[in-house]
Amino acid sequence: MGEIFSKIKVYLKRVALLGGLSLVVFSIAFFLVNLNIDPVREISPEAASIKEAKTNEEFKKRLGSSDITFAWFPDWAKINQLAADNVYDADPDGDGLPNYWEYVYGTNPNLADTDGDGFSDKQEIANGYDPDAPGEVKPLVSVRIDKIGVEVPMVWSQSTDENNMLADLEKGVGHYYQTASPGQIGNAVISGHSSNYFWAKGDYNHIFKDLNGLEKGDTVTVKMMQKNGRIIIHHFNVADKFVTVPDDERIFAATSGQTLTLTTCWPLGTNFKRLIIKAELVK
Ligand SMILES: [Ca+2]
Ligand SMILES: [Ca+2]
C-alpha cells in the first residue's frame, strides 16, 4: 500500500513540474507574441518616409501639373497652426483660396489680404497681381517653348493701344490687356513678333517665327515669379492651331477652362493674318 502511495506522489510531482514548465513556456511565448504586436511601437524611419511621400503625392495631385520650387507643405501647415482636419482644402481666412494654394503663393492662410492693400489674395491671383506685394505689382513672367527653342520674358501690357503694345513687344512677348492671367480660369492671350522691319528696335522681332512648328500635344511652359521668391510654373498642352483674320473672335473668346492663346502675324513677313495656337493647362 505504502509503495503505491509513494508512486502516486512521484507521479503527482512530475505532473506538477510539467504543469509548471508548461506555464513558464506558455508565458514566455505569450510575452513574445504580444511584444511583437505591440500597437504603440515606434514607426521605423522607412515607414515614416513612405508616409511623408504619400502626403507629398497627395499635394502634387492637387497642384495638377504645376511645379513648385520650395519644400514641404506639412511643416508649413504646422508653422501656421492649421487644423489637421481637411488641411489641404480648408480655407480658415475665408478668402476663397484653399490652404494648398496659399502655400504655393506664399500667402498667409490665416489672413485674407496678406499684403494689406485692400484686395484679397484670391482677387489678386485671379487678376494676375502679386498677392504678397502691396499695390498693382505683377509677377515676373516668362514663356518657354522647348520644341521651337523659345524662352522669352512676357510683358503685361497696360492698354490695347497699338503703339503701347508695339513698345511692349520690344521687351518680349506681350500679354493682352485684361485677358486672363496665365494659369487662371479664362483665356490668357499672348502675342509675339514673327517678323518685323529690319530697322525695328528690340531683341524679340522674330521670337514666334517658328510657332507654326507646334503641333497638338506640344508643351508651352509659363513661369511666374513673385516678389516673395515664389516661382509657379504652369504647363500647357497645345490643343488647336489655325490661321485666321486678325479680328476673328475665336482669338479672344472666353473659356471656362485655363486657356493660353499664342498669336503672331502670318505668313512670315506680313501682318495680313494671324497664326493662332490654343493650349490648355495640363491637370
Ligand atoms: Ca484661404
Ligand atoms: Ca492683397
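How each quantity is defined
- Residues numbered from 1 in each chain as written.
- Chains lettered and ligands numbered in written order.
- Predicted model: local features only at pLDDT ≥ 70, side-chain atom pairs only at ≥ 80, totals over all residues.
- Heavy atoms only, no water.
- Helix = DSSP H or I, 4+ residues; strand = E, 2+ residues; numbered from the N terminus.
- Buried < 20%, exposed > 50% of the residue type's maximum accessible area, 1.4 Å probe, protein only.
- Contact = heavy atoms within 4.5 Å.
- Donors = N, O, S within 2.8 Å, 3.2 Å for Na, K, Ca; no water.
- Phe/Tyr/Trp six-rings, centres within 6.5 Å; stacked < 30°, edge-to-face > 60°.
- Lys NZ or Arg CZ within 6 Å of the ring centre and 35° of its normal.
- Pairing = 2+ DSSP bridges.
- Core = buried A, V, L, I, M, F, W, Y, C linked by side-chain atoms within 4.5 Å.
- Lys, Arg positive; Asp, Glu negative; His and termini not counted.
- Salt bridge = Lys/Arg side-chain N within 4 Å of Asp/Glu carboxyl O.
- Polar contact = N/O pair within 3.5 Å; in protein donor to acceptor, adjacent residues only side chain to side chain.

(A) Representation of the environment of Tyr177 within the structure. Within the secondary structure, Tyr177 is located in the loop between strand 4 (173-175) and strand 5 (186-191). Residue Tyr177 is classed as partly exposed on the basis of its relative accessible area, which comes to 35%. For Tyr177 and Ile190, which are 13 residues apart along the polypeptide, the C-alpha to C-alpha distance reads 9.6 Å. Aside from chain neighbours lying at most four places away, what touches Tyr177 is Ser157, Gln158, Ser159 and Thr160.

(B) Region of the structure containing the coordination of the calcium ion (ligand 1). Asp91 (OD), Asp93 (OD), Asp95 (OD), Leu97 (O) and Glu102 (OE) make up the full set of protein donors to the calcium ion (ligand 1), lying at 2.2 to 2.4 Å. Mapping the donors of the calcium ion (ligand 1) onto the primary sequence gives the spacing D-x1-D-x1-D-x1-L-x4-E.

(C) Local environment of unusual backbone geometry. For the bond running from Trp266 to Pro267, omega is -10°, close enough to zero to count as cis. Along the polypeptide, Pro267 turns up in the loop between strand 8 (258-266) and strand 9 (273-281). The backbone of Gln81 sits at a positive phi, close to 50°, despite the residue not being glycine. Structurally, Gln81 can be placed in the loop between helix 3 (73-79) and helix 4 (99-105). On the accessibility criterion, Gln81 (73% relative accessible area) is exposed. Despite not being glycine, Gln178 shows a phi value in the positive range, around 65°. Relative to the elements of secondary structure, Gln178 occurs in the loop between strand 4 and strand 5. Owing to a relative accessible area of 67%, Gln178 belongs among the exposed residues under this scheme.

(D) Spotlight on the packing of aromatic side chains. Evaluation of the coordinates by the stated rule reveals 8 aromatic pairs. For the pair Trp101 and Tyr105, a centre-to-centre distance of 5.8 Å together with 40° between the ring planes defines the contact as tilted. In this pair, Trp101 and Tyr105 are both assigned in helix 4, 4 residues apart and thus about one turn of the helix distant. The residues Trp101 and Tyr105 share a single accessibility class, namely buried. When the centroid spacing of 4.8 Å and the interplanar angle of 80° are considered together, the rings of Tyr176 and Phe252 count as edge-to-face. Separated by 76 residues along the polypeptide, Tyr176 in the loop between strand 4 and strand 5 and Phe252 in the loop between strand 7 (231-244) and strand 8 bring together distant segments of the chain. Each member of the aromatic cluster is reached from another via a ring pair, and the members are Phe73, Trp76, Tyr88 and Tyr103. The side chain of Lys138 reaches across the aromatic face of Tyr129, ending 4.2 Å from its centre. Sitting above the plane of the Trp156 ring, Lys138 keeps its charged end 4.4 Å from the centroid.

(E) Examining the coordination of the calcium ion (ligand 2) more closely. Bound to the calcium ion (ligand 2) are the protein donor atoms Asp113 (OD), Asp115 (OD), Asp117 (OD), Phe119 (O) and Glu124 (OE), situated 2.1 to 2.4 Å from the metal. Sequence positions of the residues that donate to the calcium ion (ligand 2) give the spacing D-x1-D-x1-D-x1-F-x4-E. The partly exposed category is assigned to Phe119, whose relative accessible area is 47%.

(F) Molecular detail of the pairing of strand 6 (residues 219-225). The sheet contact formed by strand 2 (residues 140-145) and strand 6 spans 5 bridges and is antiparallel. Bridged to Val141 within strand 6 is Met224. As paired strands, strand 6 and strand 7 are joined by 7 bridges and run antiparallel to one another. Each residue of the ladder has a partner; that of Thr221, found in strand 7, is His235. Between the end of strand 6 and the start of strand 7, which pair antiparallel, lie 5 residues, with Gly229 showing a positive phi angle near 90°.

(G) Representation of the nonpolar core within the structure. Val143, Ile145, Leu211, Val220, Leu260 and Leu262 are the most contacted members of the largest nonpolar core, which has 29 residues in total. Excluding anything up to four places from it in sequence, Val220 contacts Val143, Arg144, Ile145, Leu214, His234, His235, Phe236, Val238, Leu260 and Leu262. Residues Phe73, Tyr88, Tyr105 and Ile125 belong to the second largest nonpolar core, which totals 14 residues.

(H) How the structure looks around the side chain of Asp95. Assignment of secondary structure puts Asp95 in the loop between helix 3 and helix 4. No salt bridge is formed by the buried Asp95, whose closest oppositely charged neighbour, Lys122, lies at an N-O distance of 7.7 Å. A polar side-chain atom of Asp95 sits 3.0 Å from the main-chain amide nitrogen of Leu97.

(I) Inspection of the side chain of Asp121 at higher detail. As for its placement among the helices and strands, Asp121 is situated in helix 5 (residues 121-126). Summary of buried charges: Asp121 has no salt-bridge partner, and the nearest side chain of opposite charge, Lys122, is 11 Å away. A polar contact is formed between the side chain of Asp121 and the side chain of Thr114, at a distance of 2.8 Å. Setting aside its immediate chain neighbours within four residues, Asp121 contacts Asp95, Leu97, Glu102, Thr107, Asn108, Leu111, Ala112, Asp113, Thr114 and Pro131.

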